Amino acid sequence: MTPTYAQMGDWLEEIAGQFPQAFFEELDGGIQLERRAMPDPDFPPGEMYIMGEYVQDMLGRYILLYYGSFAALLEEEDEQAWREEIFATVAHEFTHHMEQTAGLHALDDKDAEFLRRAMEEYEDG
């Protein structure tokens, strides 16, 4: 099942409310939901999607989630799977935010290693 954009927005709002208020400190733009998918440019179309990202730019610091990426990867999944992926993505992006504000980068390193291995598997497969 693929929920509507509005339904995912409702779930996102509910899930974000489960995180401590301290996580939102210095997150100027909060958490935003974009309609579009965000295919990973390092992979062929449809192979890998970016579910969300932590952004720090001239507009401030904020988290983006991509509804279209969720829809592309979870179209056959039930509501519980969607909610779990939303929670996991928000938690992941909050970790980026907390590390960035503390001057750390362990999750960035872990993400880079994951992508390196995924690319190796794709090229070998």
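Quick note: structure is the one above.
Scope of this entry: the structure provided in the associated data block. (Residues numbered from 1 in each chain as written. Predicted model: local features only at pLDDT ≥ 70, side-chain atom pairs only at ≥ 80, totals over all residues. Heavy atoms only, no water.)

In this section: the overall build of the protein. Each helix and strand in the protein was counted, giving four helices and three strands. The linear arrangement of helices and strands in the protein, starting from the amino end, is α-β-β-β-α-α-α. The C-alpha atoms of the protein give 15 Å as radius of gyration, which agrees with the globular expectation for 125 residues (14 Å, within 12%). Within the protein, the fraction of its 125 residues that count as buried is 36%. Summarising the internal contacts of the protein: among those between residues at least 6 apart in sequence, 66% fall at separations of at least 24. Summing over all exposed atoms, the protein offers an accessible surface of approximately 7600 Å²; the carbon and sulfur share of this is 50%. Seen as two clouds, the 7 positive and the 29 negative side-chain charges of the protein have centres 2 Å apart. (Helix = DSSP H or I, 4+ residues; strand = E, 2+ residues; numbered from the N terminus. Rg over C-alpha atoms; globule rule 2.2 N^0.38 Å. Buried < 20%, exposed > 50% of the residue type's maximum accessible area, 1.4 Å probe, protein only. Contact = heavy atoms within 4.5 Å. Areas by Shrake-Rupley, 256 points an atom, 1.4 Å probe, with all protein chains shown as cover. Lys, Arg positive; Asp, Glu negative; His and termini not counted. Charge placed at Lys NZ, Arg CZ, Asp CG, Glu CD.)

Helix length check: helix 3 (residues 79-102) (24 residues) gives 34 Å between terminal C-alpha atoms against 34 Å at 1.5 Å per residue, within 8%. Those residues of helix 3 not exposed but buried are Ala 81, Trp 82, Arg 83, Ile 86, Thr 89, Val 90, Glu 93, Phe 94, His 96, His 97 and Glu 99. Following helix 3 by one or two positions, Gly 103 adopts a phi angle in the positive range, close to 75 degrees. (Expected span 1.5 Å × (residues − 1).)

Let us look at the pattern of salt bridges. Under the definition given, this model contains six salt bridges. Among the ionic pairs, Arg 61 bridges to Glu 26, the shortest N-O distance being 3.8 Å. A residue pair is termed long-range when its members are at least 10 positions apart, and Arg 61 in strand 3 (residues 60-66) and Glu 26 in the loop between helix 1 (5-16) and strand 1 (31-34) qualify at 35 residues. Between Glu 34 and Arg 36 there is a salt bridge, with its nearest N and O atoms 3.2 Å apart. For Glu 34, a relative accessible area of 25% translates into the label partly exposed. (Salt bridge = Lys/Arg side-chain N within 4 Å of Asp/Glu carboxyl O.)

A pair of packed helices is characterised by two quantities: the angle between their axes and the separation of those axes. Taken N-terminus to C-terminus, the directions of helix 1 and helix 3 make an angle of 55 degrees; their axes are 10 Å apart at the nearest point. Between helix 1 and helix 3, the crossing angle belongs to the class labelled oblique. Judged by the sense of rotation from one axis to the other, the crossing of helix 1 with helix 3 is right-handed. Of the residues in helix 3, those touching helix 1 at Met 8, Trp 11, Leu 12, Glu 14 and Ile 15 are Glu 79, Trp 82, Arg 83, Ile 86, Phe 87 and Val 90. Counted by class, the contact of helix 1 with helix 3 contains eight nonpolar, no polar and three charged residues. (Axes fitted to C-alpha atoms, helices over the stretch in contact; angles between N-to-C directions. Parallel < 35°, antiparallel > 145°, perpendicular 65-115°, else oblique. Left-handed = near helix turned anticlockwise from the far one by under 90°. Nonpolar A, V, L, I, M, F, W, Y, C, P; charged D, E, K, R; others polar.)

This structure, assessed with the given rule, holds eight aromatic pairs. Taking the centre distance of 5.4 Å and the plane angle of 75 degrees together, the rings of Phe 23 and Phe 94 count as edge-to-face. Of this pair, Phe 23 sits in the loop between helix 1 and strand 1 while Phe 94 sits in helix 3, and the two are 71 residues apart along the sequence. Phe 94 gets classed as buried once you look at its relative accessible area, which sits at 1%. Chaining the aromatic ring pairs together yields one cluster made of Phe 19, Phe 23, Phe 24, Phe 87 and Phe 94. In this structure, Arg 35 is placed above the aromatic ring of Tyr 5, and the distance from its NZ or CZ to the ring centre is 3.9 Å. (Phe/Tyr/Trp six-rings, centres within 6.5 Å; stacked < 30°, edge-to-face > 60°. Lys NZ or Arg CZ within 6 Å of the ring centre and 35° of its normal.)

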